[in-house]
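What follows is each chain in one-letter form.
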Protein chains: 2
Amino acid sequence: MVNLTKLTKLSINQSIFSKMGNITIKMLAKELNLSTAAVSKALRDSHEISEGTKKRVLELAAALNYVPHPYAGSLREKKSNTIAVVIPEVADSFFSLALNGIEAVAIANGYHALIYLTHESFEREKTLLKDLESGRVDGVIMSVTMKTDTFDHLKSLNKMVPMVFFDRVCEEIDTAKITTNDEECGYQATQHLIDSGCKKIAILSISESLSINSKRIQGYQQALLENGREGDPASIIDYGEDSVENFEQLRKVFREVDRPDGIVATVSKMTTDIYLVCMELGLRIPQDVKVVSFSNDSTVAILNPSLTTITQPAFEMGELAAGILFKALKKKYLVLSEESTVVPSQLFVRNSTSSSV
Amino acid sequence: MVNLTKLTKLSINQSIFSKMGNITIKMLAKELNLSTAAVSKALRDSHEISEGTKKRVLELAAALNYVPHPYAGSLREKKSNTIAVVIPEVADSFFSLALNGIEAVAIANGYHALIYLTHESFEREKTLLKDLESGRVDGVIMSVTMKTDTFDHLKSLNKMVPMVFFDRVCEEIDTAKITTNDEECGYQATQHLIDSGCKKIAILSISESLSINSKRIQGYQQALLENGREGDPASIIDYGEDSVENFEQLRKVFREVDRPDGIVATVSKMTTDIYLVCMELGLRIPQDVKVVSFSNDSTVAILNPSLTTITQPAFEMGELAAGILFKALKKKYLVLSEESTVVPSQLFVRNSTSSSV
DNA sequence: ACCATTTACTTAATCGGTTAAGTAAATAAA
DNA sequence: TTTATTTACTTAACCGATTAAGTAAATGGT
């Protein structure tokens, strides 16, 4: 049995919440008539401590539910055993799947993964990354916002902490980047629409500064070019953050006489708008308009009609990014930029591009 | 201009990443011939420091990109300015919306919100909560896993740190709980199916131990009872984690002669399976089977057919939960259990329950 | 029996901040 | 002029853990 009489004297500053106060090594030491050093070593199974003492320490620690304070150790060791994952949002299948991949690897490596959301705000990204220069985390995995168009905050953080970018990478930063074959996919999506009989193909552009966006559009233009079509600049439709404006924009495009008969959505959330606008205007998918979307949504198969998608290896990209980061955290002198990887996405043909209807 | 000559002598232990090493108050103090105390006070705009000195400190701090180490302050102040958000997953519209609500409030209060995912693993929940007893965070907002059926880990954490539950609450813990009117919604959904002409209504049950689940089912049973129907136990279909098994289960149910002609999905992810099974078996929604789902998905309107939903005030529930937690963190003696709130959900009728087709 | 080594600890410094208490010089009050 | 107060700092303790260095006692070798 553990005698707690002495310990009660130690509990101070009790708020309504910490009825018991946090147990510290100091308390264990006092209770056991040992130095804090001995207790610390016992907990870490040091050879300097006798088996009997170790047993006493472990038993008391368990009885009192001792949990080491992570910040104390981190401060001393200059190592937080924590990584940060900085992503635009989580209400997106791609990011939530990638996150699962990252988390799985982080847990397997005994690390904490702190998730930070920028909500596509460049200001928030800057504030966040500045904070991460503090030593709060040992490494960072991130996808930049749609609006990230200067890179000093990234460069600055990259000097302090190993970083790995995934999907929405920043080309200007010299470090590891996990991407998918965006240009090729833009090409494939467009070629698939052409093959399905589309004459006028539009593409929704999410952000000028985003490398994945421009690559997808490059692929789109390349496909048009190879098929002897003008790269009509009017067919690149800017898609912003204001959902009302976006809807209005789409409505306008599809109301025109020479409206597109095929459209590529570069991110999944554009799909709902496309479907709704087509419904409203009485345009049938795929008969009047064919749709391909970059998407990882699980609902694509039960949409009306089911949606042809370019699906990214989201989970795998997360796993890879995390794997490389932990490799860097273990081996001190890893050249991260040499670890960049491109993982291919896959085209899934469904009814939204069917030409046989 | 800042003279950095002295400072270079301080940089030690440079890894490939920390080319510059982290700037500390000690370095600033040395460079300015001040004590660390003076620098600390200057940075916190103390009246004890002259305006001239404050200016010198602030300028050097800015020039060297000084970022205070959060763990050092937290340790001393016994306050981390950080809360934890523990949720089952993020690939779910309800949780991601709630998360946005929580985050918005956290940022407004100058706090960090650390997101932890349990992936519905009870073991992970226990490990996580144990870690959170360390002092890592000042408060916790959480939704328990589907499998959480013992509560010692929750009770234990609740002694150390203020907790607020939302949606998937634990009734046994005496603290604030933000819920929606689950029983009423189960009732409404069922009544709506009855009103739409359904004779045999099934409900998908996600977990026996989850209070929201049992409440929804109670509402369902109540509605059946009030309409003079037997509460057929066979109509409560257990939905587990194995997606292949779930699909098989559903297929079996809908193949039977007296198959249901109405079904309530208690969580949104069940919807895809229902739609796919109906497609496969040639059952038309809503003519042969009517579907209501608890869902916050943005795609419900473009499904085939569009889905009738019970939609929870997810963002608002997150905001409320966070608001109460911060109220508790500010006022020391707030009785959290008195802050529990129930926010109503809303029924949106769409085509999956249409009776006029 | 005597020195060497091993065992099982303790002491004290450290991580990077914050702050109570102390102090010397300048200014104000009597 | 002398004492009181204010100003602008510094010193030192502290948060909770880790660990290099120190030490007393037990054990071992010859």
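Coordinates for the structure precede this section.
Residues numbered from 1 in each chain as written. Chains lettered and ligands numbered in written order. Predicted model: local features only at pLDDT ≥ 70, side-chain atom pairs only at ≥ 80, totals over all residues. Heavy atoms only, no water.

S.K.: Any details on the overall build of chain A? Residues and values, ideally.
M.R.: Of the regular secondary structure elements, chain A holds 13 helices and 12 strands. What you see for chain A is a C-alpha radius of gyration of 27 Å, clearly larger than the 21 Å of a compact globule of 357 residues, by over 25%. Expressed along its principal axes, the backbone C-alpha trace of chain A runs to roughly 85 × 45 × 35 Å. By sequence separation, contacts in chain A at least 24 residues apart represent 70% of the contacts at least 6 residues apart. (Helix = DSSP H or I, 4+ residues; strand = E, 2+ residues; numbered from the N terminus. Rg over C-alpha atoms; globule rule 2.2 N^0.38 Å. Contact = heavy atoms within 4.5 Å.)

S.K.: Any details on the packing of aromatic side chains? Residues and values, ideally.
M.R.: Counting across every chain of the model gives 9 aromatic pairs over all chains. On the numbers, 5.2 Å between centres and 70 degrees between planes, the contact of Phe94(A) with Phe95(A) is edge-to-face. Taken together, the aromatic side chains of Phe94(A), Phe95(A) and Phe166(A) make up a single cluster linked through ring pairs. Geometry around Phe294(B) places Arg216(B) over its ring, the cationic atom sitting 4.1 Å from the centre. (Phe/Tyr/Trp six-rings, centres within 6.5 Å; stacked < 30°, edge-to-face > 60°. Lys NZ or Arg CZ within 6 Å of the ring centre and 35° of its normal.)

S.K.: So, the protein's contact with DNA strand D: which residues are in play, and what are the values?
M.R.: Taken together, 25 residues form the shell around DNA strand D, and within it Ile25(A), Arg76(A), Ser35(B), Glu48(B) and Lys78(B) come nearest. Of everything in DNA strand D that lies within 4 Å of the protein, sugar and phosphate atoms constitute 60%. Note that a phosphate oxygen of DNA strand D is positioned 2.5 Å from one of the backbone N or O atoms of Ile25(A). For the surface near DNA strand D, the secondary structure elements donating two or more residues are helix H2 (25-32), helix H3 (36-43) and helix H5 (70-77) of chain A together with helix H3 (36-43) and helix H5 (70-77) of chain B. Partitioning the surface near DNA strand D into residue classes produces 9 nonpolar, 7 polar and 9 charged. (Near = heavy atom within 4 Å. Polar contact = N/O pair within 3.5 Å; in protein donor to acceptor, adjacent residues only side chain to side chain. Nonpolar A, V, L, I, M, F, W, Y, C, P; charged D, E, K, R; others polar.)

S.K.: A description of the pattern of salt bridges should follow, citing residues and the corresponding values.
M.R.: A complete count under the given rule lists 30 salt bridges over all chains for this structure. Between Glu103(B) and Arg124(A) there is a salt bridge; the shortest N-O distance is 3.6 Å. Of the two residues, Glu103(B) is situated in helix H6 (residues 93-108) and Arg124(A) in helix H7 (residues 122-132); the pairing between them involves two chains. Neither Glu103(B) nor Arg124(A) differs from the other in exposure class; each is buried. Linked through salt bridges whose partners overlap, the residues forming this network are Asp45(A), Glu51(A) and Lys54(A). (Salt bridge = Lys/Arg side-chain N within 4 Å of Asp/Glu carboxyl O. Buried < 20%, exposed > 50% of the residue type's maximum accessible area, 1.4 Å probe, protein only.)

S.K.: So what about the nonpolar core? Which residues, and what values?
M.R.: If you look at the biggest cluster of nonpolar residues, it comprises 98 residues, and the most contacted ones within it are Val140(A), Leu154(A), Ile263(A), Val140(B), Leu154(B) and Ile263(B). With residues near it in sequence (within four places) discarded, Leu154(B) still touches Glu125(B), Leu129(B), Met142(B), Val144(B), Thr148(B), Met163(B), Phe165(B), Cys170(B) and Ile173(B). In terms of nonpolar packing, the next biggest core, distinct from the first, is built from 63 residues, Ile178(A), Ile87(B), Ile324(B) and Leu325(B) among them. (Core = buried A, V, L, I, M, F, W, Y, C linked by side-chain atoms within 4.5 Å.)

S.K.: Go over the interface of chain A and chain B with me, naming the residues and quoting the values.
M.R.: Many structure descriptions define interface size as the accessible area lost when the parts assemble. At the interface, 63 residues of chain A touch 63 residues of chain B. Carbon and sulfur atoms make up 61% of the area that chain A and chain B hide from each other, which totals about 5,700 Å². At the boundary of chain A with chain B, the tally comes to 2 salt bridges. Counting across the chain A and chain B interface gives 22 residue pairs in polar contact (both at pLDDT 80 or more). A per-element tally of the side of chain A that touches chain B places strand S2 (residues 112-117) of chain A first, with 6 residues. (Buried area = accessible area lost by both parts, 1.4 Å probe.)

S.K.: So, the packing of H6(B) against helix H13 (residues 314-330) of chain B: which residues are in play, and what are the values?
M.R.: Residues and elements named next belong to chain B. Following both chains from N to C, one finds H6 and H13 inclined at 40 degrees, their axes separated by 7 Å at the closest point. Crossing of H6 over H13 shows right-handed handedness. Every residue of H13 that contacts H6 at Phe94, Leu97, Ala98, Asn100, Gly101, Ile102, Ala104, Val105 and Ala106 is listed here: Ala314, Phe315, Met317, Gly318, Glu319, Ala322, Gly323 and Phe326. Broken down by class, the residue content of the contact of H6 with H13 amounts to 12 nonpolar, 4 polar and 1 charged. (Axes fitted to C-alpha atoms, helices over the stretch in contact; angles between N-to-C directions. Left-handed = near helix turned anticlockwise from the far one by under 90°.)

S.K.: Give a description of the relation of the copies chain A and chain B that names residues and reports values.
M.R.: The operation relating the pair of chain copies consists of a rotation about an axis and a translation along that axis. Rotating chain A by 180 degrees about the axis while translating it 0.0 Å along that axis superimposes it on chain B, leaving an RMSD of 0.1 Å. Taken together, the rotation and translation describe the operation of a two-fold axis. Interface residue correspondence from chain A to chain B reaches 100%, placing this contact among same-surface, isologous pairings. (Least-squares fit on C-alpha atoms with pLDDT ≥ 70 in both.)

S.K.: Describe the protein's contact with DNA strand C, with residues and values.
M.R.: With respect to spatial proximity, 27 residues lie near DNA strand C, and among them Ser35(A), Glu48(A), Ser50(A), Lys78(A) and Arg76(B) are the closest. Within 4 Å of the protein, the contacting atoms of DNA strand C are 58% sugar and phosphate, with bases supplying the remainder. Within the side chain of Ser40(B), a nitrogen or oxygen atom sits 2.6 Å from a phosphate oxygen of DNA strand C. Contributions of two or more residues to the surface near DNA strand C are made by H3 and H5 of chain A together with helix H2 (25-32), H3 and H5 of chain B.

S.K.: Provide a residue-level description of the pairing of strand S6 (residues 201-205) of chain B, including the pertinent values.
M.R.: Buried residues dominate S6(B), accounting for 5 of its 5 residues. Neither face of S6(B) is open: one carries Ile201(B), Ile203(B) and Ser205(B), the other Ala202(B) and Leu204(B), and all of them are buried.

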